[in-house]
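Each chain, letter by letter, is given below.
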Amino acid sequence: MKKPVAILIVVGIIGVIGWAIAARIMKPKEEIQTKELPAVTISTASIGSIKHDTSIMGKIQPSDTYSVSPKVAGEIIEIYVQNGDTVKQGDPIAKIDNQKAIDSAKASLDAANASVRASQQQAATAADALNRMTPLFQAGDVAPQTFTSTQNSANAAQAQVASAKAQAESAKLNYDTQIEYATVTAPSDGTIQNQNMTLNGTVSQSSVLCVITGSGQRKVTFSVTEEILNNLSIGQKVTVEKNSSEYEGAITKLSRLVDNSTGLFAVEADLKNAEALADGVAAKVKLTAATADDTTIIPADYVYYSSGNPYVYVYEDGIAKRAFITLGITNESEYQVLDGITTSDKIVSSWTQDIYDGASVRIIDENGNISAD
């Protein structure tokens, strides 16, 4: 009895195994899931011009500014102006007590005039002697040597008169100058600012009594780096923006002397029709900091970065290959490419998360149609 049972168990096990194998064989094959290649558009670099605009804070100032200093040292005995006063060229600013210099100049002038009078008397005496001796010489009553000596004395006396007059004129000029310098006058029309004079205060020829700002054009001063300075030129256009208004101008001064405290270089530009701008206010200066013509340009969207190094994807035989590039001038929409690609390279111009160096890609046109390589 046990043997037939064992046989039945073995047969059952074999049957189960056979059924499982048959079920496995008969099961439909699963579909192989396939993923389409990334679809990208391609473009090429172009040749053209590019510029980089930048904004810098500047300070508005009058274009004609004069620092007023005395031409002589001394005590201030009169002050004729205050801050905010409007003056005309030649108007008095202050009076300096230089009376000692005036008195000294007057003494020199008096001495020079006395010398002129004395030399004139000597010349008259010498001329009279020559006039009396001439007919005697012509008659042969005077020796030639004596006549020549008298004639030379008369000529020397006249030369002394000329020398004395020249010295007197110089002394007169010095005297008039000392009197003129006693009164400091306005060098130009304008408005008095920074008046810091004190009555009875002592000033030197290097002292600044006040500043006169003209009522005409305005200028803007600002500072730039050496890199930007090297790309600027006299006459280059700038735009100043203040209180939602814009004012056009042109660069008039480029300093090549660095400010040691900032490491920057000073630039000035005259503005047109900017009288509404107040002196000393800050304003935004917009200018072109760099330009390049006839150069390789690509849109900024084509560029990626790896550890700070720029690159693009170049399409070759169905593969997207990473190409590192060297950038020059950049702006918000375009980059100048100095090295790494040429205008014949096919640059991947669209982005997909599936793109990487060596990725297989397919090209599509603007309408989404697959393009032939």
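Scroll up to find the structure.
Chains are numbered independently. Their residues run from 1 in the order of the written sequence. Whole-chain, interface and lining totals are the exception, using all residues; otherwise, since this is a predicted model, local features are given only for residues with pLDDT of at least 70 and side-chain atom pairs are given and counted only at 80 or more. Computation of side-chain values: all heavy atoms of the structure, hydrogens and water removed.

## A look at the sheet that holds strand β8 (residues 183-185)
Step number 1: Read across the open sheet, the four strands follow the order β8-β7-β5-β10; overall the sheet is antiparallel. With one partner strand each, in any of the chains shown, β8 and β10 (202-203) form the two edges of the open sheet.
Step number 2: Here, strands pair whenever DSSP counts at least two bridges between them. Helix and strand assignments come from DSSP, with helices taken as H or I runs of at least 4 residues and strands as E runs of at least 2, each series counted from the N terminus. Alignment of strand β5 (residues 74-79) against strand β7 (residues 92-97), held across four bridges, turns out to be antiparallel. Within β7, the position partnered with isoleucine 76 by the bridge is isoleucine 96.

## Some words on the pairing of strand β21 (residues 334-339)
Step number 1: Sheet analysis places strand β16 (residues 282-299) next to β21, joined by three bridges and oriented antiparallel. What sits directly across from isoleucine 298, in β21, is tyrosine 335.
Step number 2: Pairing analysis gives three bridges linking strand β20 (residues 326-330) to β21, with the strands arranged antiparallel. In the sheet register, threonine 326 faces β21, and the bridge partner there is aspartate 339.
Step number 3: Once β20 ends, the chain turns through three residues before running back antiparallel as β21.

## A word on the nonpolar core
Step number 1: If you look at the biggest cluster of nonpolar residues, it comprises 23 residues, and the most contacted ones within it are Val220, Phe222, Val224, Leu232, Val240 and Val267.
Step number 2: Mapped by element, the contributors of at least two residues to this core are β3 (46-62), β12 (218-224), α4 (226-229), β13 (237-242), β14 (245-259), β15 (264-271) and β16.
Step number 3: Residues contacting valine 267, with those up to four places away along its chain left out, are Val220, Thr221, Phe222, Val224, Leu229, Leu232, Ile251, Lys253 and Leu254.
Step number 4: In this description, a nonpolar core means a group of buried Ala, Val, Leu, Ile, Met, Phe, Trp, Tyr and Cys residues linked to one another through side-chain atoms lying within 4.5 Å. A simple rule labels every residue: compare its accessible area, found with a 1.4 Å probe on the protein chains alone, to the largest value its type can have, and call it buried under 20%, exposed over 50%, or partly exposed in between. Counting 16 residues, the second largest nonpolar core, distinct from the first, contains Ala186, Met197, Leu209 and Ile212. We call two residues in contact when some of their heavy atoms are within 4.5 Å.

## Points about the packing of helix α2 (residues 99-138) against helix α3 (residues 144-181)
Step number 1: To obtain each axis, a line is fitted to C-alpha atoms, and for helices this fit is confined to the stretch in contact; angles are then taken between N-to-C directions over 0 to 180 degrees. Two elements in contact, α2 and α3, have axes whose closest approach is 7 Å; the angle formed by their N-to-C orientations is 160°. For the element pair α2 / α3, the angle class is roughly antiparallel. Regarding α2 and α3, the two cross each other, and that crossing is left-handed. Here is the rule for angles: anything less than 35 degrees is roughly parallel, anything more than 145 is roughly antiparallel, 65 through 115 is roughly perpendicular, and the remaining ranges are oblique. Each crossing is labelled by how the near helix is turned from the far one, with a counterclockwise turn of less than a right angle marking it left-handed and a clockwise turn marking it right-handed.

## Here's the deal with the environment of valine 285
Step number 1: Tracing the backbone shows valine 285 in strand β16.
Step number 2: Considered as a pair, valine 285 and glutamate 241 are 44 residues apart in the sequence and their alpha carbons are 6.4 Å apart.
Step number 3: Each residue touching valine 285, except ones within four places of it in the same chain, is listed here: Thr54, Ser55, Ile56, Gly58, Val220, Phe222, Val238, Thr239 and Val240.

## A short note on the sheet that holds strand β11 (residues 210-213)
Step number 1: Reading across from one edge, β4-β11-β9-β6 is the order of the four strands in this open sheet, with antiparallel pairing throughout. Edge strands, defined here as strands with exactly one partner in the open sheet, are β4 (65-68) and β6 (86-87).
Step number 2: As paired elements, β6 and strand β9 (residues 190-193) share two bridges and run antiparallel to each other. Along β9, the bridge assignment pairs threonine 86 with threonine 191.

## Overview of the layout of surface pockets
Step number 1: Put plainly, a pocket is an open set of points on a 1 Å grid over the protein atoms alone with protein on both sides within 12 Å along at least five of seven lines, a cavity is a set where a 1.4 Å probe fits but cannot get out, and a lining residue has an atom within 4 Å of a point. Grid points are joined across faces, edges and corners, and a volume is the space filled by probe spheres set on the points. Considering only enclosed or pocket space, the largest pocket measures out at about 200 Å³ in volume.
Step number 2: Every residue along the wall of the largest pocket is listed here: Ser67, Val68, Ser69, Pro70, Lys71, Glu180, Tyr181, Thr183, Val184, Thr185, Ala186 and Pro187.
Step number 3: Secondary-structure elements contributing two or more residues to the lining of the largest pocket are β4, α3 and β8.
Step number 4: Take the lining of the largest pocket: its biggest share by element is three residues, from β8.
Step number 5: Residue polarity follows a fixed list, in which Ala, Val, Leu, Ile, Met, Phe, Trp, Tyr, Cys and Pro are nonpolar, Asp, Glu, Lys and Arg are charged, and the others, Gly among them, are polar. Split by residue class, the lining of the largest pocket holds six nonpolar, four polar and two charged.

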